[in-house]
Amino acid sequence: MQLMNKTVNFINTLNKSSILESAKKAFSGIKDYFGITKITFVNEKEEIDLVDGYNTSNIYNYDSNYFSLIIYLENNYFDDELISYVKIFEIEYERYITLEKAMESSYVQILTGLPNSAGFLRELSKKKREDLNNYSAIFLNLKNFGMINKAFGQKEGDEAIKEFAKHVTKNLYDDEIASHFGGDNFVFLIRKERFSEFLETCNNLKIYIDSKDKKIEINLSAVLGVYEINGNLNEIGDVITYSSMALQYAKSELKPYIFLTKELKEMLNSAKQIEQTFEKELALNHFLPFYQPKVDIRTGKIIGSEALARWIYNEQILAPYMFIPTLEKSGKIHKLDLYIIECVCKDIKFCHDNGYKTVPVSCNISRKDLLVENFDEIILNIINKYEIMPNEIIIEVTETTNINEQEAMLEFINKMHNNNISTSIDDFGTGYSSLSALRDFKVDEIKIDRSFINREKLIAEDEIIIGSIITMARKLNINVLCEGVENITQANFLERLGCYNVQGFLYDEPLPKEKFQQKLEEGNYHC
Ligand code: C2E
Ligand code: CA
Ligand code: CA
């Protein structure tokens, strides 16, 4: 029987194994209908029979731009018949090629053509586990990339990303991997010993951006989180998690790069756990205020208290330093602050309803809270809800040098003032805007930071500084309290300077509410 054959020419758009697979699938789908007996793949170097199967090891590792598929048919067809059958084959073939391409593109980031996260993992998995120990995984973000996008537009931003990707990847070794996770997120696998070299290529890259008919030079630099891979990987994807942890930390610390150490890993893991469990724990009322008395030195009388948050976690009492920084970073601190204010209002109402004594309670708010919309209104609503008199709550804020926060703080303090709620500047003297704060803000109290009296020996300079703060505050009609009073020498020193309101371990540490209530009912401290 005479075989007819028909040659169809193609442009090479994919790797050879994808082409061979697609042609084979197209062939097997239609061979029974059209009597196709065999198909061969042909380029300048080789001819491969796709019907009998092929052994990839025999295929030249050679990709030309063009190739042909020769289709052998067992019957005699009229020309137009033949053309239409071949067309059907071509359509089938294109369909499989498109599928292959889609598969391939799910591993590629479109803008830069680099592997995306799935592509990165695929490349990573081609390496032997023990070989990975020779590399660092580096998560990289461009500095101020948001500003470039904003100032020049997204198209120019994309160009900047492409330029950066081109520059960094051209300096890589063959065994190293570059990937682009989208936006300005890149992940690299770099030989450990090449870190400094790599760092250099990622920084101070000059590129030119089109902006209104002229080219503007910008300087690209990056922030890097580095995880030096070692044997202890649960799964390969951990290298992304760890390097991104290091990057987040580098960003929050404003460092150009950070290596993930064991300590940092533990710290970040616990931060993650805090973030994940915080809201659940809050709903379970596992947070509560402890109360530390504020005392008048002269009489030993409790004149107020400060509510300090505690977290009862797995029957342990956790102090604020263990969770507040994480909550501030994750933008959730206002939830805790409002919750503590509400607890305080409930406790005061309980005392009112049951005939117990009360004193004004100071509640701490974070500066981050000031940027929460209507934060002042929310506080006022809570106080109203429990029918608490405005003079029973004092709000403590710390100084800030950030101009946005300062404006928000001014507005907040004025709003509290207009609603007869006192405010206090906490840790006074530790920020450098202390003096102007007193002039501009309608605050009722300042709390002198404990670092002013917390020395081996109080000297003449301490006396001058604290003395002048007290005099100045008095002239401005602002109450002064000194915190962290631990011994009688400090108390005497403050009394001599005319600072009578104090707080500190000399009297009591922060106490659970029942204990505090008991002290309040009992009367004065005798020191
Ligand atoms: P802070 O507002 O300056 O609170 C005073 C801290 O000093 C308290 O620590 C208190 O226990 C401690 N302290 C009191 N007397 C003495 C003393 O004589 N010597 C020494 N060395 N320390 C003393 P605490 O309770 O661990 O709170 C630490 C910080 O956490 C607070 O500092 C405050 O900034 C923050 N914080 C506490 N509760 C809250 C809250 O509900 N919201 C917010 N945003 N921050 C809170
Ligand atoms: Ca405070
Ligand atoms: Ca303080």
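Before reading further, recall that the structure is shown in the block above.
Chains are numbered independently. Their residues run from 1 in the order of the written sequence. Each chain is given a letter, starting from A, and each ligand a number, starting from 1, according to the order in which they appear as written. Thresholds applied to this predicted model are a pLDDT of at least 70 for local features of residues and 80 or more for the giving and counting of side-chain atom pairs; totals over whole chains, interfaces and linings are not thresholded and use all residues. In computing side-chain properties, one takes all heavy atoms of the structure into account and sets aside hydrogens as well as water.

With respect to unusual backbone geometry
Of note, Glu 387 is a non-glycine position whose phi angle comes to about 55 degrees, a positive value. Summarising the element assignment, Glu 387 is placed in the loop between helix H12 (375–385) and strand E16 (393–398). For every residue, the accessible area obtained with a 1.4 Å probe (protein chains only) is divided by the maximum for its type, and the residue is called buried under 20%, exposed over 50%, and partly exposed between those limits. The exposed category is assigned to Glu 387, whose relative accessible area is 59%. The backbone of Asn 420 shows a phi angle near 60 degrees, a positive value even though the residue is not glycine. What counts as a helix is a DSSP run of H or I of at least four residues, what counts as a strand is a run of E of at least two, and both are numbered from the N terminus.

Overview of the coordination of the calcium ion (ligand 2)
Ideal coordination angles are 109.5 degrees for a metal with four donors arranged tetrahedrally and 90 or 180 degrees for a metal with six donors arranged octahedrally. Only nitrogen, oxygen and sulfur atoms within 2.8 Å of the metal, or 3.2 Å for Na, K and Ca, are treated as donors, and water is left out, so sites may look incomplete. Surrounding the calcium ion (ligand 2) are the protein donor atoms Glu 306 (OE), Asn 364 (OD1), Glu 396 (OE) and Asp 426 (OD), which sit 2.1 to 2.3 Å from the metal. Motif for the calcium ion (ligand 2), donor spacing along one chain: E-x57-N-x31-E-x29-D. Between the calcium ion (ligand 2) and the calcium ion (ligand 3) the interatomic distance comes to 4.1 Å, and Asp 426 is a ligand of both metals. In this pair, Glu 306 is assigned in strand E13 (residues 301–313) and Asp 426 in strand E17 (residues 422–428), connecting sequence segments 120 residues apart. Judged by relative accessible area, Asp 426 falls into the buried class, the value being 7%.

Considering the packing of aromatic side chains
Only Phe, Tyr and Trp rings are paired, with Trp represented by its six-membered ring, and only when their centres lie within 6.5 Å; those with planes under 30 degrees apart are stacked, over 60 edge-to-face, the remainder tilted. As enumerated under the stated definition, the model contains 18 aromatic pairs in all. Between the aromatic rings of Phe 375 and Phe 412, the centroid separation amounts to 6.3 Å while the plane-to-plane angle is 35 degrees, which identifies the pairing as tilted. Of this pair, Phe 375 sits in helix H12 while Phe 412 sits in helix H13 (residues 403–418), and the two are 37 residues apart along the sequence. One exposure class covers both Phe 375 and Phe 412, and it is buried. What links up through ring pairs into an aromatic cluster is the set Phe 278, Phe 287, Trp 311, Tyr 313 and Phe 323.

Here's the deal with helix H9 (residues 262–283)
Compared with an ideal rise of 1.5 Å per residue, which puts 22 residues at 32 Å, H9 spans 32 Å between its outermost C-alpha atoms and is within 8% of the ideal. What we call the bend at a residue is the angle made by axes fitted to the seven residues finishing there and the seven residues starting there. The sharpest bend along H9 comes to roughly 45 degrees, located at Thr 277. Listing the buried residues of H9 in full gives Leu 264, Leu 268, Ala 271, Ile 274, Thr 277, Phe 278, Glu 281 and Leu 282. Contacts between residues were defined by any pair of non-hydrogen atoms, one from each residue, lying within 4.5 Å. If you follow the buried residues of H9, they end up packed against helix H8 (238–252), strand E11 (257–259), strand E12 (287–296), E13, helix H10 (324–329) and helix H11 (333–354). Once H9 ends, the next one or two residues include Asn 285, with phi positive near 55 degrees. A helix is expected to span 1.5 Å for every residue after the first.

Quick word on the site of ligand 1
A molecule or strand has a residue near it when one of that residue's heavy atoms lies within 4 Å. In the vicinity of ligand 1 lie 22 residues, with Gln 292, Asp 337, Asp 426, Glu 486 and Phe 505 positioned nearest. Each polar contact in these results corresponds to two N or O atoms within 3.5 Å; when the atoms are within protein, one needs to be able to donate a hydrogen and the other to accept it, and residues that are neighboring in sequence are counted only if both atoms are side-chain atoms. Contact between ligand 1 and Glu 306: an oxygen atom at 3.1 Å from a side-chain N or O atom of the residue. In this structure, Arg 450 approaches ligand 1 through a side-chain N or O atom, which is 3.0 Å from an oxygen atom. Only the protein chains shown count as cover for residues, and all accessible areas are computed by the Shrake-Rupley method using a 1.4 Å probe. Across the complex, the protein chains shield 82% of the 800 Å² of accessible surface that ligand 1 would expose by itself.

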